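# Overview (structure and organization)
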Amino acid sequence: MPLPCRHSNLLSLRTVKRALVCAILLSMPIRSAVLSPSRRGIAAPIDDLPRVRTALDWFAANLKWINSLQIQWTEIPAPSFHEEKRAAAVKEVLAAEGLLVRTDKIGNVIGELRGSNEKEAILVTAHLDTVFPEGADVKVRQEGERLVAPGISDNGTGLAALAAIARAIHAAGIQPQRTIVFAANVGEEGEGNLRGMRALVDAYHEKLRAVVVLDGSGVDHVTTKALASKRLEVVITGPGGHSWSDFGMVNPINALVRGSVRFITTKVPTTPRTTFNLGQIEGGTSVNSIPHEAKLKIDLRSESEEEITRLENALRECIAAGAKDEMDNARDRSRGQLDWKVELIGSRPGGELPPDSALLASLRAADDSVGNHSRIERSSTDANIPLSLGIEAIAIGAGGNGGGAHSLQEWFEPAGRELGLKRALLTILGVAGVAAEKGN
Ligand SMILES: [Zn+2]
């Protein structure tokens, strides 16, 4: 199918979906006055409800439990595609919090808190996986106020917050209007390619009104813009031979170099910011052999989906031209030809939360309520998937302070983490709504 055509279809489908979601939201009598950025003159903002106040107070009183959970789960290795041990531990805790808990077929742990309106759902997620391979030392060290270990913040903080928020809601006896689906999901990092979130959005698509992703620490940002990316692998193969006696035959490394040199001269705009990276290259068996294979992995990113498509097309053309150059220039063509392929090994679609969305209003109201300011960010997170489908979604840090993500020196400081937990809770309840309280 020609690309421009597919794009306009996608766009119009997205616009229609967005309009539908807006229409549904507008027709929903959500009780949350929190949804109004200015709360003056509106009755009962969500953070005034007695049970919500109980839930908010629950965090400060239970910080020890939250911190110890984070340490415990960080010390269970969970590389992407091997999250099952950590998932089992999270499942046990979520099951104790009044949720209907199950594990789906790819390993997401899902706990539902039924709303008074079960036809609509809010999804709250934290990814289970880390970038660290099996065998990495994940023992948590205490250094002063700091907890240090790979994965302690990304995403130990998010996972601990997921459990803490579920428990605070349970302890306070809150029933939401919309069902809240708590999920500890697999496959966020690297070649996990957001498979956990893809499955969750698939499963709840019809009901889904908003997605809140808890990822890492801090309260200084809200990711509302999804950075699109594509990862591709080039593989070029040929007959292979001896460097001296077979000289003149086609060489896959030569072809890869010819194609790569063409590609890296491709112009990319600074606005929309667009990048490419030739990240991994391999091939050949010895210095005196003509290789039979050469491989290259490339990462493409852009604020614009069209730019990524343009770069991907350029890469495919350059590699084909490089292989053709090599074959045209071979002195001995009787010894076989080259084969090549350029394969997509990962794709994260882009998208943006509309600035007037109910979810962003709820986050802003939560920020107001806890006295926080946060900036809008563009990033590549689990929120890419719902955002690309026109479903309202944000990714936020879950409080405390953290740094050194994806390094062995990753750290987390829990001091003040309750602010992030309250911010997340109010945001979630703002879009879920709170069912009428009886007996208060
Ligand atoms: Zn993360």
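Description of the structure in this document. The structure presented is a predicted model; accordingly, all values stated were derived computationally and were not measured.

Before going further, it helps to spend a moment on the overall build of the chain. Across its full length, the chain holds 11 helices and 19 strands. Counting every position in the chain, which comprises 440 residues, the buried fraction comes to 53%. The contacts in the chain between residues at least 6 apart in sequence include a share of 80% that link residues at least 24 apart. Put simply, the chain shows about 19,300 Å² of open surface, and 53% of that area lies on carbon and sulfur atoms.

Moving on, we get to the packing of aromatic side chains. A full pass over the atoms with the stated rule returns 3 aromatic pairs. Between the aromatic rings of Trp58 and Phe59, the centroid separation amounts to 6.0 Å while the plane-to-plane angle is 80 degrees, which identifies the pairing as edge-to-face. Classification of Trp58 by relative accessible area gives buried; the value is 14%. Here the basic side chain of Arg146 rests over the ring of Trp411, its NZ or CZ set 3.5 Å away from the ring centre.

Moving on, we come to the environment of Val434. Inspection of the secondary structure puts Val434 in the segment after helix H11 (417-432). Exposure remark for Val434: the relative accessible area of 3% places this residue in the buried category. Sequence spacing of Val434 and Gly115 is 319 residues, and the spatial spacing of their C-alpha atoms is 8.5 Å.

Ile165, Phe182 and Leu214 are the most contacted members of the largest nonpolar core, which totals 80 residues. Phe182 has contacts with Leu99, Val109, Ile110, Gly111, Leu113, Val124, Leu162, Ile165, Ala166 and Ile169, leaving out every residue within four places of it along the chain.

Scanning the model with the defined rule gives 24 salt bridges in all. A salt bridge links Glu75 to Lys139; the nearest nitrogen and oxygen atoms lie 3.4 Å apart. Of the two residues, Glu75 sits in the loop between helix H3 (63-74) and helix H4 (84-95) while Lys139 sits in the loop between strand S3 (117-127) and strand S4 (141-143), which places them 64 residues apart along the sequence. Relative accessible area serves as the criterion here: at 28%, Glu75 is assigned to the partly exposed category. For Lys139, a relative accessible area of 54% translates into the label exposed. Within this structure, Glu112, Arg114 and Glu118 form a network of salt bridges that share partners.

When two helices pack together, you describe them by how their axes are tilted relative to each other and by the distance separating the axes. Between helix H5 (residues 156-171) and H11, the least distance of the axes is 10 Å, while the angle of their chain directions is 60 degrees. Classed by the angle they form, the pair H5 and H11 counts as oblique. For the pair H5 and H11, the crossing hand works out as right-handed. When H5 is examined against H11, the residues Thr157, Ala160, Ala161, Ala164, Ile165 and Ile169 are found in contact with a partner set consisting of Arg417, Leu421, Ala424, Leu425, Ile428 and Leu429. Among the residues forming the contact of H5 with H11, the class breakdown is 10 nonpolar, 1 polar and 1 charged.

His127 (NE2), Asp154 (OD), Asp215 (OD) and Asp215 (OD) make up the full set of protein donors to the zinc ion, lying at 2.0 to 2.8 Å. If you look at the zinc ion, its 4 donor atoms make angles of 51 to 149 degrees with each other, and the shape they trace is irregular. All donors to the zinc ion come from one chain, and their sequence spacing reads H-x26-D-x60-D. On the criterion of sequence distance, the pair formed by His127 in strand S3 and Asp215 in the loop between strand S7 (208-214) and strand S8 (221-226) is long-range, its members being 88 residues apart.

This part covers helix H6 (residues 195-204). Within the span of H6, buried status applies to Gly196, Met197, Leu200, Val201 and Tyr204. Seen end-on, H6 carries its buried residues on one side only, within an arc spanning 125 degrees. Facing away from the buried surface of H6 by more than 90 degrees, the exposed residues are Asp202 and Ala203. At its buried positions, H6 is contacted by strand S1 (100-103), strand S2 (109-113), S3, strand S6 (178-185), S7 and helix H10 (384-388).

Structurally, Gly173 is set in the loop between H5 and S6. In this structure Gly173 comes out as partly exposed when scored by relative accessible area, which is 37%. As for Gly173 and Arg51, which are separated by 122 residues in sequence, their C-alpha atoms are 6.9 Å apart.

Before going further, it helps to spend a moment on the sheet that holds S4. Strand order in the open sheet formed by 4 strands is S4-S5-S19-S18, and the pairing between neighbours is antiparallel. Edge positions in the open sheet fall to S4 and strand S18 (401-403), since each of these has one partner strand only. Between one strand axis and the next, the sheet turns through 25 degrees on average, direction left out of account. Summarising the sheet, S18 and strand S19 (residues 411-413) pair through 3 bridges and their orientation is antiparallel. Looking at S19, one finds that Gly402 is bridged to Phe412.

Once that is clear, we can look at the pairing of S7. Burial analysis of S7 places 7 of its 7 residues in the buried class, the great majority of the element. Two elements, S3 and S7, share 5 bridges in a ladder whose sense is parallel. Looking at S7, one finds that Ile122 is bridged to Ala210. Bridge analysis of S7 against strand S17 (residues 393-396) gives 4 bridges, and the strand direction is parallel. Bridge assignment links Val211 to a residue of S17, and that residue is Ala393.

This next bit is on H5. Its 16 residues give H5 an end-to-end C-alpha distance of 22 Å, which sits within 8% of 22 Å, the value for a rise of 1.5 Å per residue. Among the 16 residues of H5, 13 are classified as buried, and the element is accordingly described as predominantly covered. Positive backbone phi, approximately 70 degrees, marks Gly173, located one or two places after H5.

Thresholds applied
- Residues numbered from 1 in each chain as written.
- Predicted model: local features only at pLDDT ≥ 70, side-chain atom pairs only at ≥ 80, totals over all residues.
- Heavy atoms only, no water.
- Helix = DSSP H or I, 4+ residues; strand = E, 2+ residues; numbered from the N terminus.
- Buried < 20%, exposed > 50% of the residue type's maximum accessible area, 1.4 Å probe, protein only.
- Contact = heavy atoms within 4.5 Å.
- Areas by Shrake-Rupley, 256 points an atom, 1.4 Å probe, with all protein chains shown as cover.
- Phe/Tyr/Trp six-rings, centres within 6.5 Å; stacked < 30°, edge-to-face > 60°.
- Lys NZ or Arg CZ within 6 Å of the ring centre and 35° of its normal.
- Core = buried A, V, L, I, M, F, W, Y, C linked by side-chain atoms within 4.5 Å.
- Salt bridge = Lys/Arg side-chain N within 4 Å of Asp/Glu carboxyl O.
- Axes fitted to C-alpha atoms, helices over the stretch in contact; angles between N-to-C directions.
- Parallel < 35°, antiparallel > 145°, perpendicular 65-115°, else oblique.
- Left-handed = near helix turned anticlockwise from the far one by under 90°.
- Nonpolar A, V, L, I, M, F, W, Y, C, P; charged D, E, K, R; others polar.
- Donors = N, O, S within 2.8 Å, 3.2 Å for Na, K, Ca; no water.
- Tetrahedral: all angles 85-135°; square planar, octahedral: opposite > 155°, others 65-115°.
- Arc of directions from axis to C-beta.
- Pairing = 2+ DSSP bridges.
- Expected span 1.5 Å × (residues − 1).

Nothing here speaks to function; it is geometry throughout.
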